[in-house]
Amino acid sequence: MSYKFNLPDYDELNERQKKAVTDEGSVAITGGPGTGKSVVTVWRHLINYRRKRRTSVLLTYTKSLQYFLTNSIKSSADKENDTQLKQAIYNASNNVSLANSWTRQEFDEILIDEAQDLPENQIDNNWNKGYLNYITKDAKMVSYGADDKQIVYAERATTEKRLSELYPEAKPHKLFQNYRNTFCILNFAKHSLDFAIPTDTLDRLKEENPGREPILKITNDATKQNEVILDIIKDFNDGETNIAILLFFENQFDNISAFLKSKNIEFSWFNNKRGEFSNIENIHVTTFKSSKGLEFDVVIIPEFDGYKRLINNPNYNVNAEDYYVAFTRARRNLFLIANNDVSISMDVLKREKF
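Fair warning: this is a prediction, and the values are worked out from it, not measured in the lab. (Residues numbered from 1 in each chain as written. Predicted model: local features only at pLDDT ≥ 70, side-chain atom pairs only at ≥ 80, totals over all residues. Heavy atoms only, no water.)

> What is the right way to read the overall build of the protein from this model?
When its secondary structure is counted, the protein shows 12 helices and 13 strands. Here the C-alpha atoms of the protein give a radius of gyration of 20 Å, agreeing with the 20 Å that 2.2 N^0.38 yields for 354 residues. Expressed along its principal axes, the backbone C-alpha trace of the protein runs to roughly 60 × 45 × 45 Å. A sequence separation of at least 24 residues applies to 76% of the contacts in the protein between residues at least 6 apart. A total of about 15,800 Å² of accessible surface is found on the protein, and carbon and sulfur atoms cover 44% of it. Seen as two clouds, the 47 positive and the 50 negative side-chain charges of the protein have centres 1 Å apart. (Helix = DSSP H or I, 4+ residues; strand = E, 2+ residues; numbered from the N terminus. Rg over C-alpha atoms; globule rule 2.2 N^0.38 Å. Contact = heavy atoms within 4.5 Å. Areas by Shrake-Rupley, 256 points an atom, 1.4 Å probe, with all protein chains shown as cover. Lys, Arg positive; Asp, Glu negative; His and termini not counted. Charge placed at Lys NZ, Arg CZ, Asp CG, Glu CD.)

Structural data, given as structure tokens:
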């Protein structure tokens, strides 16, 4: 079954988000996960075409996110009866591109989602187009969304500060309210990774969207982890719920994929070594980094007991930001699977023995 896309209606945006959408000049949209940076960027792109305000192209850096943004835009066409508005929406969806494969064309506005993960300059032959100084050269307007706390490619990142220096004409629009995660998920991310998350954000979520604590499934046996994954899928796979299995290492894919196929589970998967990207099913297997910008009702992370060892080991290309991104993909339910218990307070992480 396909992933269920649901772009919020314009009227559902808060006042800060609407101001960023309708600002006639360039904008710099910042904020934490779930605050609506991508939603605002998409709606700004849509308004350009719906109101014939200007031509624009929406650029991002991963195939998964390109697919997600394109189909989120298309999903809004289902709510329209006007033929011209439907066509405007499809025109907008046809102008979403991968930054690294985009051949510069003339648009009135270039919109960049997750701009912090694009390099400022060319870094190797794999980045001969998608760096910022290439895609924004001679641009009339440049608007972007960014969040330093979600940098997953530190070696090529462009920080919020540097982006503001590159594009000083972009008016800052900072978003605060988290609409994706529950209090319990965001509070867990704060305590497990020692991240500074604004108190007012947590206080608001605690009152409006408390949710349930993330659950650590302790197996005491690595061979049982797949069975735990299967149980979770069976509990939530109703055809409407989006489920992600997030893996850090690409070599985990063969084991998980073979197991799901043996159980006749329909799923999609993607990692950087898989060149083609076709679709996202409502059960999707991908890496932490490739999940960036996506969201799921349920997130499952196996082999979690090694997370501190990975973060603190310079031989692995992993940091706390990778786990922060993975945790905050979850809208309602976060399940962690481990052979052994971890040193995280029981106040923020519930335990279940399998």
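> So what exactly am I meant to see when it comes to the packing of aromatic side chains here?
A ring pair, where both rings are aromatic, is described by two values, the distance of the centres and the angle of the planes. Counting across every chain of the model gives 21 aromatic pairs. Ring centres 5.6 Å apart and planes at 90 degrees place the aromatic pair Tyr3 and Phe296 in the edge-to-face group. One end of the pair, Tyr3, is in the segment before α1 (15-22); the other, Phe296, is in strand β11 (residues 296-301), with 293 residues separating them in the sequence. Judged by its relative accessible area of 1%, Phe296 is buried. Pairing Phe288 with Tyr323 gives two aromatic rings, centres 5.0 Å apart and planes at 80 degrees, and the pair type is edge-to-face. In this pair, Phe288 is assigned in the loop between β10 (283-287) and β11 and Tyr323 in helix α12 (residues 320-327), connecting sequence segments 35 residues apart. You'll find Phe288 and Tyr323 in the same group, each marked buried. (Phe/Tyr/Trp six-rings, centres within 6.5 Å; stacked < 30°, edge-to-face > 60°. Buried < 20%, exposed > 50% of the residue type's maximum accessible area, 1.4 Å probe, protein only.)

> How should I be thinking about the nonpolar core in this particular structure?
Here is a general trend for soluble globular proteins: nonpolar side chains tend to be buried in one another's company. Of all hydrophobic cores here, the largest spans 91 residues; its most connected members are Ile301, Phe304 and Phe327. A per-element tally of this core places helix α7 (residues 183-193) first, with seven residues. The contacts of Ile301, once residues within four sequence positions are left out, are Leu246, Phe288, Ala326, Phe327, Leu334, Phe335, Leu336 and Ile337. Ranked by size, the runner-up nonpolar core spans 22 residues in total, among them Ile233, Phe253, Ile256 and Ile300. (Core = buried A, V, L, I, M, F, W, Y, C linked by side-chain atoms within 4.5 Å.)

> Can you help me understand a negative patch on the surface in this one?
Where like charges cluster on the molecular surface, the negative patch consists of Asp200, Asp203, Glu207 and Glu208. Among the structural elements, Asp200 can be located in helix α8 (residues 199-208). (Patch = residues over 30% accessible without salt bridge, like charges linked within 9 Å, V, L, I, M, F, W, Y side chains within 5 Å. Salt bridge = Lys/Arg side-chain N within 4 Å of Asp/Glu carboxyl O.)

> Would you take a moment to explain the pairing of strand β1 (residues 27-30) for this structure?
Across a regular strand the side chains alternate sides, sitting on one face of the sheet and then on the other. Going residue by residue along β1, you find Val27 and Ile29 tucked away on one face and Ala28 and Thr30 tucked away on the opposite face as well. Here four bridges tie β1 to strand β6 (residues 171-174), and the two strands are oriented parallel to one another. Bridged to Thr30 within β6 is Lys174. Alignment of β1 against strand β5 (residues 142-146), held across three bridges, turns out to be parallel. By the bridge assignment, Ile29 is partnered in β5 with Gly145. (Pairing = 2+ DSSP bridges.)

> Explain the sheet that holds strand β13 (residues 350-353) here, please?
Backbone-to-backbone hydrogen bonds join strands into a sheet, with any given pair of strands oriented parallel or antiparallel. Here we have seven strands laid out as an open sheet, ordered β9-β10-β8-β11-β12-β7-β13, and parallel in their pairing. At either margin of the open sheet sits one strand with a lone partner, and together these are β9 (268-270) and β13. Averaged over neighbouring strand pairs, the angle between their axes works out to 20 degrees when direction is ignored. Bridge count for β11 against strand β12 (residues 330-338) is five bridges, and the pairing is parallel. (Axes fitted to C-alpha atoms, helices over the stretch in contact; angles between N-to-C directions.)

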